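# Tertiary structure, described
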Amino acid sequence: MILIAFGTLRDWGIGWMSTWWLWLFVIWPPFVFYFIGRSVGISAGADWFAIKNGHVDTYELTEVKIVGTSGGLAWDLELKDESGNELSINLREIQTNRDLWDLVYNGIVYSVQRGSAKTNPSALDKLKLR
């Protein structure tokens, strides 16, 4: 939409639309952003959380860790369940979808409160599990 508005304002009309190669600049962005959005592949249900390369049962977690990079700018959430399934994801990436994060967080809290999940101090602090 921005490119269409720019072309219309630049030419003071819709004359640019008759130039076929200008349409290439308008058409490619939606396709590119569609495939970029699908590359993450995060989903969750009432008692599970999955990313492209694995899944865990959030109500049967045995390990919940927050691992940070130097400087603490990026935090990764690492989960492991009773079946031995493990996954790791950037914490900010999952927290951007509030409904999905609520499902995962409820399972994490349940597992920690039940005493079946080991945590590290970062997880207790960042996820407010105390």
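Above this text sits the structure in question.
Described below are features of the structure shown in this document. (Residues numbered from 1 in each chain as written. Predicted model: local features only at pLDDT ≥ 70, side-chain atom pairs only at ≥ 80, totals over all residues. Heavy atoms only, no water.)

## Some points on the environment of glutamate 93
Within the secondary structure, glutamate 93 is located in helix 3 (residues 91–95). What makes glutamate 93 partly exposed here is its relative accessible area of 36%. Distance in space between the C-alpha atoms of glutamate 93 and tryptophan 75 is 9.8 Å, their sequence separation being 18 residues. (Helix = DSSP H or I, 4+ residues; strand = E, 2+ residues; numbered from the N terminus. Buried < 20%, exposed > 50% of the residue type's maximum accessible area, 1.4 Å probe, protein only.)

## Focus on the sheet that holds strand 7 (residues 118–119)
The strand order across the open sheet built from four strands is 6-5-4-7, with neighbouring strands paired in mixed fashion. Two strands bound the open sheet, and with one partner strand each, they are strand 6 (86–90) and strand 7. Bridge count between strand 4 (residues 61–68) and strand 5 (residues 75–81): seven bridges; the pairing is antiparallel. Counterpart to valine 64 in the pairing with strand 5 is leucine 79. (Pairing = 2+ DSSP bridges.)

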